[in-house]
Amino acid sequence: MPSERISGSQRQQVRERAEGFCEYCRAPDNFTTSPFHCEHIIPRKVSGKNALDNLAWACPWCNNHKHAKTHARDPQTEQRVPLFNPRLKKWHRHFKWSDDLLFVIGRTRTGRATVEALNMNRFEQVNLRRALRGSGEHLPNVD
């Protein structure tokens, strides 16, 4: 595994492409106490590269839960499926917001597996969404 690091320029491009939101749980990076990560969609452990098409902007919690995973079990079908890839798939195709905008709901096998594997509705994140919604800062719309 090469030791080359993600450049500052790449990191900035990935952040700008994601508009400052976690590409998984949609947390905004300007309302966090921990820095976001330039995450390898295909982990370096399995030959993932530092190329822009393999990097995603991720909150530290999604990134830590994902770690080196590429697949997970869909809790509904128990099938092992690929995790959501923000470079190849559209967020709104695989996820939707609950009516109260507090929970990410998986629409597909990949969506459900990713919600579970990355613990996208963790208590702290739901509380942050609630606070941001109350202040008008929760922006759940995605392409």
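So, here is what we can say about the structure in this document. (Residues numbered from 1 in each chain as written. Predicted model: local features only at pLDDT ≥ 70, side-chain atom pairs only at ≥ 80, totals over all residues. Heavy atoms only, no water.)

Remarks on the overall build of the protein chain
In terms of regular secondary structure, the protein chain is built from five helices and six strands. Along the protein chain, helices and strands appear, N-terminal first, in the series α-β-β-α-β-β-α-β-β-α-α. Its C-alpha radius of gyration of 15 Å places the protein chain within 12% of the 15 Å reference for a compact globule of 143 residues. With the C-alpha coordinates aligned to their principal axes, the bounding extent of the protein chain is approximately 45 × 35 × 25 Å. Per-residue burial over the protein chain gives 44% buried out of 143 residues. In the protein chain, once contacts between residues fewer than 6 apart in sequence are set aside, the share between residues at least 24 apart is 59%. Roughly 8,000 Å² of accessible area belongs to the protein chain as shown, and the carbon and sulfur atoms make up 49% of that amount. On the protein chain, the mean spot of the 24 positive side-chain charges and the mean spot of the 15 negative ones are 5 Å from each other. (Helix = DSSP H or I, 4+ residues; strand = E, 2+ residues; numbered from the N terminus. Rg over C-alpha atoms; globule rule 2.2 N^0.38 Å. Buried < 20%, exposed > 50% of the residue type's maximum accessible area, 1.4 Å probe, protein only. Contact = heavy atoms within 4.5 Å. Areas by Shrake-Rupley, 256 points an atom, 1.4 Å probe, with all protein chains shown as cover. Lys, Arg positive; Asp, Glu negative; His and termini not counted. Charge placed at Lys NZ, Arg CZ, Asp CG, Glu CD.)

Comments concerning the nonpolar core
Counting residues in hydrophobic clusters, the biggest one holds 28 residues, and the most contacted among them are Cys22, Tyr24, Cys62 and Met120. Counting residues per element, the ones that place at least two in this core are strand 2 (55–58), strand 5 (95–97) and helix 4 (109–117). A per-element tally of this core places strand 2 first, with four residues. Dropping the residues within four chain positions of it, tyrosine 24 is found in contact with Glu39, Ile41, Ala56, Ala58, Cys62, Lys66, Phe84, Pro86, Trp91, Thr114, Leu118 and Met120. (Core = buried A, V, L, I, M, F, W, Y, C linked by side-chain atoms within 4.5 Å.)

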